[in-house]
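# Overview (structure and organization)
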Amino acid sequence: MLRNWYLTIVLERTAGVALHLQLVQAIIQEIQRGRLLPGAALPGSRTIADALSLNRKTVVQAYDELLAQGWIETQARRGAFVSARLPAPMIEKINKAAAPIPDSFVKSLPPNGLSAFLESIAEKPGAIRFSDGVPDARLVPFDVLSRAYRRALLHSARANRLAYDDSRGNLLLRDAIADMLRAERGMSVTNTQICVVRGSQMGIYLSARLLAIKEKFVNEVATSSGCVVMEDLGYPPAREAFASFGVAIEYIAQDCAGMDLDALEALCHQRNVSAVYTTPHHQFPTTVMLSVERRIRLLELARRYDFLIIEDDYDHEFHFSHNPMLPLASMDTDGRVIHIGSLSKVLAPGLRLGYIAAPEAVINRCMNEIMLIDRQGNALTELAVAELMRTGEIKRHVRRALKIYKERRDYAVQRVSELIPSATFTIPAGGLALWLELDVRIDMQRLQRDALKQGVAILPGQLFSGTGRAIPALRLGYASLNQQELESGLAALVAAIQQQFPA
Ligand SMILES: Cc1ncc(COP(=O)(O)O)c(C=O)c1O
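Residues numbered from 1 in each chain as written. Predicted model: local features only at pLDDT ≥ 70, side-chain atom pairs only at ≥ 80, totals over all residues. Heavy atoms only, no water.

## Examining the overall build of the protein
Cut-off, in case you're wondering: Only DSSP runs of H or I reaching four residues or more are called helices, and only runs of E reaching two or more are called strands; each is numbered from the N terminus. With a 1.4 Å probe rolled over the protein chains alone, any residue whose accessible area is under 20% of its type maximum counts as buried; one over 50% counts as exposed, and the rest are partly exposed. Only heavy atoms matter for contacts: two residues are in contact if any of them lie within 4.5 Å across the pair. Surface accessibility in these figures is a Shrake-Rupley result with a 1.4 Å probe; residues are shielded only by whichever protein chains are displayed.
When you go through the protein residue by residue, the secondary structure sums to 17 helices and 16 strands. Expressed along its principal axes, the backbone C-alpha trace of the protein runs to roughly 85 × 65 × 50 Å. The buried share of the protein, taken over its 503 residues, is 50%. Counting contacts in the protein only where the partners sit at least 6 residues apart, residues at least 24 apart contribute 74% of the total. Of the roughly 24400 Å² of accessible surface on the protein, a fraction of 55% belongs to carbon and sulfur atoms.

Below, the structure written as structure tokens:
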């Protein structure tokens, strides 16, 4: 709304040209170059007159002229607006000015490999979305959250809390996270081993950056550079975070008990493995939980072959059995695990809160890196969420949401079994998605297109494969959909599948 701002217009004040005509010319130029958009409200004549040190009559005269020429229109008691009905060639010209053709700089950037994933998870107006496992943000206790924000704001005003703060995050939140990790995740951590980040994605990115820095340093003395190992099926933005720093990635297979550690050990004989990135609690995207035996062996391999484990514990709160598995970090005795967690699933992804739990030296280095990216997080959100953690509100919300998600999981399991009997899947013990393996004859790309036409967006397995394998499977996030939405989504999916098997 331009009226809320001081509109800066520079008049050339050309000698010999009347001031009102100079103002007309200046406003036409701003419309033509896409700065004043069709329909935009223009400041009142008095405001412009004050701002440009003109007589108000001069401005009124200029507006009358613009009105007569069709550049602006007026509405009774609402003032003047740039005409919403400018001729089509003019609009085209404006659009071109607003979106210039990408220059050689942009063209020279190599693609980063995330396009298909981003395109697939993007909002599809009017379509039901089977996400990659997002929570239902409609369940967030907004009244409780808004009271916590209000108190955080008042507290900030009293204690000057909106000034620059610790790059590792607000101490109250780091304390609350350390308490939670000690109580619920069996980890022996204190606030100096915690760093708050804007979502676990930033934690992954920081870990990738530290690895890349280390590799660069090591390469000066070592002959072979280290690599990071991931399961072939994994979380694309994690993959791209490592790739973006030029860290070499090796993919290994996985089975129904998680990562294939024989394959990992064989790889350790051939290559210098610097780190293993893994989602042991609910493997992304297959939902499998890494067995205890494999956890113990993975930690042993880390010691023997001297690599780090980057543990992405992205949705551990939503586990439906009574005994959620404790993270690798809780069994780590020699500081090899960088544990990354998130509050995106617990509260809402839009709050952008996550954390890294790691040895103090790693956290201190993260602190330096955060200084380079955004200095620190959002103090208000950190204070509000710290309070919700301290008072147990978050735990109460998780308990409520867990009940709803378990009902949704059970319903999804039942309906998928009934509607797509050819699909095979393991009922996940936790997490917010199913991994459906479909009839191998199905062309998944076609299915994605047909499903969208039927009104449902799906995520085919190929999106998650580091090696780009075509996989007749899909990740079906159920938690963000109520029963009605799930029914509509499944009906559309079934219709799309049937198109490939005409009777
Ligand atoms: C496996 C995995 N890791 C990391 C993330 C990033 O989560 P956030 O950055 O919102 O904490 C997600 C998000 O869905 C995920 O599925």
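## Observations regarding the domain arrangement of the protein
As a reminder of what qualifies: For each domain, the first and last residues come from an automatic or database assignment. Here the quantity called buried area is the total loss of accessible area, with a 1.4 Å probe, experienced by two parts when brought into contact, counted for both.
Segmenting the protein into domains produces domain 1 (2-98), domain 2 (115-134 + 396-499) and domain 3 (172-391). The centre of domain 2, based on its C-alpha atoms, is set 26 Å off from the matching centre of domain 3. With 29 residues of domain 2 in contact, the opposing surface of domain 3 contributes 26 residues. Between domain 2 and domain 3, roughly 2200 Å² of surface is buried when both sides are summed, and carbon and sulfur atoms account for 65% of that area. Per-residue buried area on domain 2 facing domain 3 is highest for W435, F464 and R475; these three make up 22% of the total on that side.

## Description of the pairing of strand β12 (residues 354-357)
Note the following rule: Note on pairing: DSSP must find at least two bridges between two strands before they are called paired.
Of the two faces of β12, the one lined by G354 and I356 and the one lined by Y355 and A357 are each fully buried. Note that strand β4 (residues 194-197) and β12 share 4 bridges and pair antiparallel. Residue V197 lies in a different strand from β12, and its bridge partner there is G354. Sheet analysis places strand β11 (residues 337-342) next to β12, joined by 4 bridges and oriented antiparallel. Counted as the bridge partner of I340 is I356 from β12.

## What about the sheet that holds strand β16 (residues 473-477)?
The sheet built from 3 strands is open, its strands ordered β13-β16-β15 with antiparallel pairing. Both edges of this open sheet fall to β13 (433-437) and β15 (459-460), since each of them pairs with a single strand only. Bridge analysis of β15 against β16 gives 2 bridges, and the strand direction is antiparallel. Looking across to β16, one finds that L459 is bridged to R475.

## Focus: the site of the ligand
Where we set the bar: If even one non-hydrogen atom of a residue comes within 4 Å of a molecule or strand, that residue is called near it. Pairs of N or O atoms within 3.5 Å make up the polar contacts considered here, provided that, within protein, one atom can donate a hydrogen while the other can accept it, and that residues adjacent in sequence are counted only when both atoms are side-chain atoms. Only Asp, Glu, Lys and Arg are considered charged in this grouping, and only Ala, Val, Leu, Ile, Met, Phe, Trp, Tyr, Cys and Pro are considered nonpolar; every other residue, Gly among them, is considered polar.
Taken together, the neighbourhood of the ligand is formed by G199, S200, Q201, I204, Y235, F284, D312, Y314, S342, S344, K345 and R352. Here an oxygen atom of the ligand sits 2.7 Å away from a polar atom, N or O, in the main chain of S200. R352 is positioned with one of its side-chain polar atoms (N or O) 2.9 Å from an oxygen atom of the ligand. Isolated, the ligand exposes 400 Å² of accessible area, and the fraction of that covered by the protein chains is 94%. If you tally residues by element for the shell around the ligand, the top one is helix α9 (residues 200-219), at 3 residues. Its residues placed into classes, the shell around the ligand shows 4 nonpolar, 5 polar and 3 charged.

## Quick look at the environment of D313
Turning to its location among the elements, D313 is positioned in the loop between β10 (308-312) and β11. Here D313 falls in the buried class, since its relative accessible area comes to 1%. Expressed as a C-alpha distance, the spacing of D313 and A329, which sit 16 residues apart in the sequence, is 9.9 Å.

## Considering a nonpolar patch on the surface
Selection rule: By definition, no residue in a patch forms a salt bridge, and every one has over 30% relative accessible area; like charges are joined within 9 Å, nonpolar side chains (Val, Leu, Ile, Met, Phe, Trp, Tyr) within 5 Å. The salt bridge definition used is simple: a Lys or Arg side-chain nitrogen within 4 Å of an Asp or Glu carboxyl oxygen.
The grouping of F105, V106 and L109 at the surface amounts to a nonpolar patch, some 310 Å² of accessible area in total. Considering the arrangement of structural elements, one finds F105 in helix α5 (residues 104-107).

## Some details on the packing of aromatic side chains
Here is the rule: Working definition: rings of Phe, Tyr and Trp (its six-membered ring) pair if their centres are within 6.5 Å, and the pair is stacked with planes under 30 degrees apart, edge-to-face with planes over 60 apart, and tilted otherwise.
If you walk through the whole model with that rule in mind, you get 9 aromatic pairs. Aromatic side chains Y235 and F284 sit 5.0 Å apart centroid to centroid with 75° between the ring planes, which places their arrangement in the edge-to-face category. With Y235 in the loop between β5 (227-231) and α10 (236-244) and F284 in the loop between β9 (273-278) and α12 (292-305), this pair connects stretches of sequence that are 49 residues apart. Feature note: the residues F117, Y235, F284, Y314, W435 and F464 constitute an aromatic cluster, connected by ring pairs.

## Looking at unusual backbone geometry
In this chain, F284 is followed by P285 through a cis amide linkage whose omega measures 10°. Here the phi dihedral of D306 falls at roughly 55°; this positive angle occurs in a residue that is not glycine. Mapping D306 onto the fold places it in the loop between α12 and β10. Positive phi is not limited to glycine here, since R352 has a value of about 55°. Structurally, R352 can be placed in the loop between β11 and β12. Judged by its relative accessible area of 34%, R352 falls in the partly exposed class.

## Some remarks on the environment of E317
With respect to the element layout, E317 can be found in the loop between β10 and β11. The exposure class assigned to E317 is buried, which follows from its relative accessible area of 13%. When the C-alpha positions of E317 and R441 are compared, they lie 36 Å apart, and in sequence the two are 124 residues distant. Those residues in contact with E317, other than ones at most four positions away along the chain, are S342, V346, V398 and L402.

## Let's talk about the pattern of salt bridges
Enumeration over the complete set of coordinates arrives at 33 salt bridges. Note that R138 is salt-bridged to E485, the shortest N-O span being 2.9 Å. Of this pair, R138 sits in the loop between β3 (128-129) and α7 (142-159) while E485 sits in helix α17 (residues 483-499), and the two are 347 residues apart along the sequence. Judged by relative accessible area, R138 falls into the partly exposed class, the value being 48%. Here R336 makes a salt bridge to D306, at a shortest N to O gap of 3.1 Å. With R336 in the loop between β10 and β11 and D306 in the loop between α12 and β10, the pair connects residues that are 30 residues apart, well separated along the chain. According to the relative accessible area criterion, R336 is buried, its value standing at 15%.

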